[in-house]
Amino acid sequence: MINVAIVVRNWWGGRRIYRLLHPSKWAEVTSGQMMAYATIMGGAVNEERIMSAFLGVKRSVVRRLDPFHRYTLGKCLAFVNEDEPLAHFIVPELGGRKAPKQALQDVSFAEFIYMDTYYMDYVSGASEDALNLLVSCVYRRLNGADRLKFSEDLDVEWVKRLKPGERFMVLKNYGMIRMWLETSYPEVFAKHKDDQSDVPMRQKPAKNGWIDVFDSIVGDDYANSDKYAERPAVEILRRLNSRIKQQKKQLRDAQATKSKRRSK
């Protein structure tokens, strides 16, 4: 966090000092600040509103700042242009719907497949509708204290009523969650290279590539495919990461043994 001190002088000559904290990275951003950021993404920039939200003071305080101090405070927002690994959705509720828990604890593998596919389809330009589907997949109605069980029949009508900035906010947030997944499970999300085509279980987790990953997990156990789909996504990804890592080690050991035999 960045320590900020704002001195405001009253009309009778007195002064008041506001000692505040301003986020310096996405992990420190609050829900209210993220919603203010959505305003920026929507193109309707209101400097006073944004500064008020990020500093936690009334707009009347921001209005009394001179241009130089506004410019200085504006530089504190430089971090919004850089993504970082993030394990949670900053805005827990949107449109009366709820986002997944920290570290996707309540996201099934089937749900994750759809979520990630919609994200990849949109960022790759394959589908304009994918953004609405992604938002609908992330934010769902409650069943008691929990999100409703995932269903492929997604409701996107409520998403269409959101502001453009709010939808792109979800897109950006998921992008940072994907960065966290790539950091946490590097073998699963490893970049595919031409010189590694002989590495077994080298997955391509993008677009419909997740279907191939799911099939490799289920194997011939089709009768229990639903059980695999309903398992927590992070559990499946952790097992996949471990399996790929082990298979790569076995391949390296086999290649080393082969090299020794040739050298004799």
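None of these values were measured; they are calculated from a predicted model.

In terms of helices and strands, the chain carries 11 helices and six strands. With 264 residues in all, the chain has 44% of them scored as buried. Partitioning the intrachain contacts of the chain with sequence separation of at least 6 by distance along the chain shows that 62% fall at a separation of at least 24. Summed over its atoms, the accessible surface of the chain is roughly 15200 Å², and 49% of this surface lies on carbon and sulfur atoms.

This next bit is on the pattern of salt bridges. A full pass over the atoms with the stated rule returns 14 salt bridges. Residue E48 pairs with R63 through a salt bridge whose shortest N-O separation is 3.1 Å. Here the residue E48 occupies a position in helix 2 (residues 47–55), and R63 occupies one in helix 3 (residues 59–63), the gap between them amounting to 15 residues. Here E235 makes a salt bridge to R239, at a shortest N to O gap of 3.3 Å. In this pair, E235 and R239 both sit in helix 11 (residues 233–263), four residues apart, roughly one turn of the helix. According to the relative accessible area criterion, E235 is buried, its value standing at 11%. What emerges from the salt-bridge pattern is a single network uniting D106, E111, R140 and R147.

How each quantity is defined
- For every chain, the first residue of the written sequence is number 1, and numbering continues from 1 onward in sequence order.
- In keeping with the model being predicted, local features are shown solely for residues with a pLDDT of at least 70 and side-chain atom pairs are shown and tallied solely at 80 or more, while totals for entire chains, interfaces and linings include all residues.
- Side-chain descriptors were evaluated using all non-hydrogen atoms of the structure, hydrogens and water having been removed beforehand.
- Secondary structure counts use DSSP, requiring at least four H or I residues in a row for a helix and at least two E residues in a row for a strand, with both numbered from the N terminus.
- When accessible area is computed with a 1.4 Å probe and restricted to protein chains, residues below 20% of their type maximum are described as buried, those above 50% as exposed, and intermediate ones as partly exposed.
- We call two residues in contact when some of their heavy atoms are within 4.5 Å.
- Residue burial considers only the protein chains on display, and all accessible areas are found by Shrake-Rupley using a 1.4 Å probe.
- Any carboxyl oxygen of Asp or Glu that lies within 4 Å of a side-chain nitrogen of Lys or Arg is treated as forming a salt bridge with it.

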